[in-house]
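# Tertiary structure, described
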Amino acid sequence: MRLGGRMSGAIKLADFYSAIEDTARPLDVPCSRDQVWPILTAFGDGEDALSQSVIAFRVATDIGHDGELDCRFTVPKNVDPYDSALAKGLIEKTDHPVGALLPDVQKLCPIDTYAIDFGVVGGFKKIYAFFPPDDLQDLSELAGIPSMPRGLGEHLGLSDRYGLSNKTGCVAIDYPGRTVNIYYGETFPDGIEREVILSLLRETGQQAPSEQMLRFAQAAFGIYITLSWDSPKIKRVCFAAMTPDPMRLPIPLDPKIEGFVRHMQDTGTEGKFVCGVASSPRGEYYKLQAYYQWRPWMVDLMAHPASV
């Protein structure tokens, strides 16, 4: 079944790099082959690995992401992305717990697939470890990992109250940012009640949401939180939803991001985007992801479009 975007198949690294250049252009993001090419070739067997990948591009509306285009793609299950990133000099070995977290997760949890994330300007950023859809992980087990930020354990009661404790679908580790995202799977297939959103944001110390954020979050299919080792507090809460046309959402998009949307619509996404709204103590912002290539297991994820 083809929902839009490239289905898996033969893909040349040169074509993928050209797609990155083309996608960066409407954003006025400089794209250097010297910066990007080593990341594309660091994981797995190059073109053979990419032919099986989910590949996506992402932009965000906050000042910290201005002038950047993020790219992410899945890597073969038999490739250890942390070891590969170290071996290729994409990250440096460290005594900080961020360096021990993925190996610790691998010891405890079954891994279904991995993905990596990098900025066209900023370079290598994250590794994602996805758990099997039929074996979502319990937060209490993850919180017991010695290298995990202690804030996860301190918020187990909150997760219990919202029915999230045994629904962890993914852990994402940001190496330069030294943060961890915890993604909850199978959370709210029918959307999220307004009072649940308000209560969750209040309990995690976020700013009161705008009306447009509330409307968007009610259509979300999933939630993730961001933690760090610097504080036990939850840094961010993000709600994610599918949307066929980001231009119709009541969210602020500057002309460059509008250009990104039009470019992705013209190159095959057929209006399939994931949009997220992130709430932090400093305020809210939006993230917009479009797919260059996907796999059939993404179909169910696409089934819950935002209706805001």
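Up top is the structure.
Residues numbered from 1 in each chain as written. Predicted model: local features only at pLDDT ≥ 70, side-chain atom pairs only at ≥ 80, totals over all residues. Heavy atoms only, no water.

### A word on empty space enclosed by the protein
- One pass over the full model with this rule turns up two cavities of 30 Å³ or more.
- Approximately 50 Å³ is the volume attributed to the largest cavity.
- His155, Leu158, Ser159, Leu164, Tyr184, Leu200, Ile223, Ile225 and Ile234 together form the lining of the largest cavity.
- When grouped by side-chain class, the residues that make up the lining of the largest cavity number seven nonpolar, two polar and no charged.
- Surrounding the second largest cavity, Val59, Ala60, Thr61, Ile251, Leu253, Ile257, Cys275, Tyr286, Lys287 and Leu288 form its lining.
- Elements supplying a minimum of two residues to the lining of the second largest cavity: β2 (55–60) and β11 (283–294).
- Among the elements that take part in the lining of the second largest cavity, β11 stands out by supplying three residues, more than any other.
- In terms of residue class, the lining of the second largest cavity is made up of eight nonpolar, one polar and one charged. (1 Å grid on protein atoms, 1.4 Å probe; cavity = no way out; pocket = protein on both sides within 12 Å on 5 of 7 lines; lining within 4 Å. Points joined across faces, edges and corners; volume = space filled by probe spheres on them. Nonpolar A, V, L, I, M, F, W, Y, C, P; charged D, E, K, R; others polar. Helix = DSSP H or I, 4+ residues; strand = E, 2+ residues; numbered from the N terminus.)

### Digging into the packing of helix α1 (residues 13–24) against helix α2 (residues 33–40)
- Relative to each other, α1 and α2 sit at 135°, their axes nearing to 11 Å. Accordingly, the angle class assigned to the pair α1 and α2 is oblique. For the crossing formed where α1 meets α2, the hand is right-handed. Facing Leu13, Ala14, Phe16, Tyr17 and Ile20 of α1, the residues of α2 in contact are Arg33, Val36, Trp37 and Leu40.
- Looking at the contact of α1 with α2 residue by residue, the class counts come to eight nonpolar, no polar and one charged. (Axes fitted to C-alpha atoms, helices over the stretch in contact; angles between N-to-C directions. Parallel < 35°, antiparallel > 145°, perpendicular 65-115°, else oblique. Left-handed = near helix turned anticlockwise from the far one by under 90°. Contact = heavy atoms within 4.5 Å.)

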